[in-house]
Amino acid sequence: MTEIPEHLLRRSRERREALGLGGGGGAGDETPTPAPAAAPVAVAEASAAPAPVEAVAVPEVPTGPDPVVLAAQAQRRNAVPLWVMPVLIALPFWGFFYMGAFGSRTKTAVVDPLVVGSQVYHSAGCSGCHGANGEGGVGPALQNGDAQITFPNIADQIAWVETGSQTKPIGTPYGDPNRPGGQRVVKVGAMPAFQGTLSPTQIQDVVMYEREKL
């Protein structure tokens, strides 16, 4: 058997120690100690094992119509179309001119008491007895202030027109007893009572007309 030189054995041991293969030794350690075969398999299995997957939270997707879309649709439905704006602006002016052109043409009622009194005097039958201008006829004259001479107090003349002379006997005196020329008396008894036929305002207006215009 050939003997291995000492310096080669020493170099082999140093090489094995440098590689971490251990093994101290004498002359009988010239064959390296084989490493366990299971270690590489374990490393391969460890490297081949898949890494654990971290769970990722998935946001919940809302079901049904999108609220933003619904709000936009509602706003579009409620929005006033642009073509309506001029119509809304012009509508008040149109109404004003319409009322002016086609509104009521009724004449303003007469409110002047003397004008109303003249109308009543000529329409209620007063002018038929006392004359169109108060010159007298079947009834006594009223013109030239004779109505105020007979009735210095306007309330007495209003009461006379309201009651008339038809219910009074012939010869019944009426008016101012101190009237120049003597107090007037009922001669025919043809004057009807106008209370109930004319309104109090109409009677007052016709009395004012007889006193101030005849």
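Above this text sits the structure in question.
All of the points below concern the structure found in this document. Values in this document were obtained by computation on a predicted structure and should not be read as measured data. (Residues numbered from 1 in each chain as written. Predicted model: local features only at pLDDT ≥ 70, side-chain atom pairs only at ≥ 80, totals over all residues. Heavy atoms only, no water.)

Quick notes on the pattern of salt bridges
For step 1, the next point in the chain: Applying the stated criterion across every chain yields a total of 2 salt bridges.
For step 2, the next point in the chain: Between Asp146 and Arg179 there is a salt bridge, with its nearest N and O atoms 2.9 Å apart. Pair noted here: Asp146 is in helix α7 (residues 146–150) and Arg179 is in the loop between β1 (173–174) and β2 (184–185), with a separation of 33 residues, a long-range link. Neither Asp146 nor Arg179 differs from the other in exposure class; each is buried.
For step 3, the next point in the chain: For Arg184, the salt bridge is made with Asp146, and the minimal N-O distance between the two is 2.9 Å. Highlighted residues: Arg184 in strand β2 and Asp146 in helix α7, separated in sequence by 38 residues.
For step 4, the next point in the chain: You can call Asp146 buried: its relative accessible area is 14%.
For step 5, the next point in the chain: By sharing partners, the salt bridges in this structure join Asp146, Arg179 and Arg184 into a single network. (Salt bridge = Lys/Arg side-chain N within 4 Å of Asp/Glu carboxyl O. Helix = DSSP H or I, 4+ residues; strand = E, 2+ residues; numbered from the N terminus. Buried < 20%, exposed > 50% of the residue type's maximum accessible area, 1.4 Å probe, protein only.)

Observations regarding helix α9 (residues 200–212)
For step 1, the next point in the chain: Compared with the 18 Å implied by 1.5 Å per residue over 13 residues, the 18 Å span of α9 between its first and last C-alpha is a close match.
For step 2, the next point in the chain: All of the buried residues along α9 are Ile203, Asp205, Val206, Val207, Tyr209, Glu210 and Arg211.
For step 3, the next point in the chain: In this structure, the buried side of α9 is in contact with α5 (113–123), α6 (126–130), α7 and α8 (154–163). (Expected span 1.5 Å × (residues − 1). Contact = heavy atoms within 4.5 Å.)

Comments concerning the state of the cysteines
For step 1, the next point in the chain: By the definition in use, this model includes 0 disulfides.
For step 2, the next point in the chain: Cys126 supplies the cysteine sulfur nearest to Cys129, a cysteine that is in no disulfide, at a spacing of 8.3 Å. (Disulfide = S-S within 2.5 Å.)

A short note on the side chain of His130
For step 1, the next point in the chain: Structurally, the position occupied by His130 is in helix α6.
For step 2, the next point in the chain: For His130, a relative accessible area of 12% puts it in the buried group.
For step 3, the next point in the chain: Only 2.8 Å separates the side chain of His130 from the backbone oxygen of Pro140, close enough to count as a polar contact.
For step 4, the next point in the chain: The residues touching His130, leaving out its near neighbours within four places in the chain, are Tyr121, Glu135, Gly136, Gly137, Gly139, Pro140 and Leu142. (Polar contact = N/O pair within 3.5 Å; in protein donor to acceptor, adjacent residues only side chain to side chain.)

As for α5
For step 1, the next point in the chain: Where α5 is concerned, the buried positions are Leu114, Val116, Gly117, Val120 and Tyr121. What you see down the axis of α5 is that its buried residues fit within an arc of 155 degrees, all on one side.
For step 2, the next point in the chain: The elements touched by buried residues of α5 are α6 and α9.
For step 3, the next point in the chain: Gly125, located one to two residues past α5, shows a positive phi value of around 105 degrees. (Arc of directions from axis to C-beta.)

Quick look at a nonpolar patch on the surface
For step 1, the next point in the chain: On the surface, a nonpolar cluster with roughly 530 Å² of combined accessible area is contributed by Ile89, Phe93, Phe96 and Phe97.
For step 2, the next point in the chain: Assignment of secondary structure puts Phe97 in helix α4 (residues 84–102). (Patch = residues over 30% accessible without salt bridge, like charges linked within 9 Å, V, L, I, M, F, W, Y side chains within 5 Å. Areas by Shrake-Rupley, 256 points an atom, 1.4 Å probe, with all protein chains shown as cover.)

Points about unusual backbone geometry
For step 1, the next point in the chain: Of note in the backbone geometry, Asn144 takes a positive phi value of approximately 60 degrees without being a glycine.
For step 2, the next point in the chain: On the secondary structure map, Asn144 appears in the loop between α6 and α7.

Some words on the packing of α8 against α9
For step 1, the next point in the chain: Between α8 and α9, the shortest axis-to-axis distance is 10 Å and the interhelical angle comes to 120 degrees. Classified by the interaxial angle, the pair formed by α8 and α9 is oblique. In the crossing of α8 with α9, the sense of the turn from one axis to the other is right-handed. In contact with Ile154, Gln157, Ile158, Val161 and Glu162 of α8, α9 contributes Ile203, Gln204, Val207, Met208, Glu210 and Arg211.
For step 2, the next point in the chain: For the contact of α8 with α9, the per-class residue count stands at 6 nonpolar, 2 polar and 3 charged. (Axes fitted to C-alpha atoms, helices over the stretch in contact; angles between N-to-C directions. Parallel < 35°, antiparallel > 145°, perpendicular 65-115°, else oblique. Left-handed = near helix turned anticlockwise from the far one by under 90°. Nonpolar A, V, L, I, M, F, W, Y, C, P; charged D, E, K, R; others polar.)

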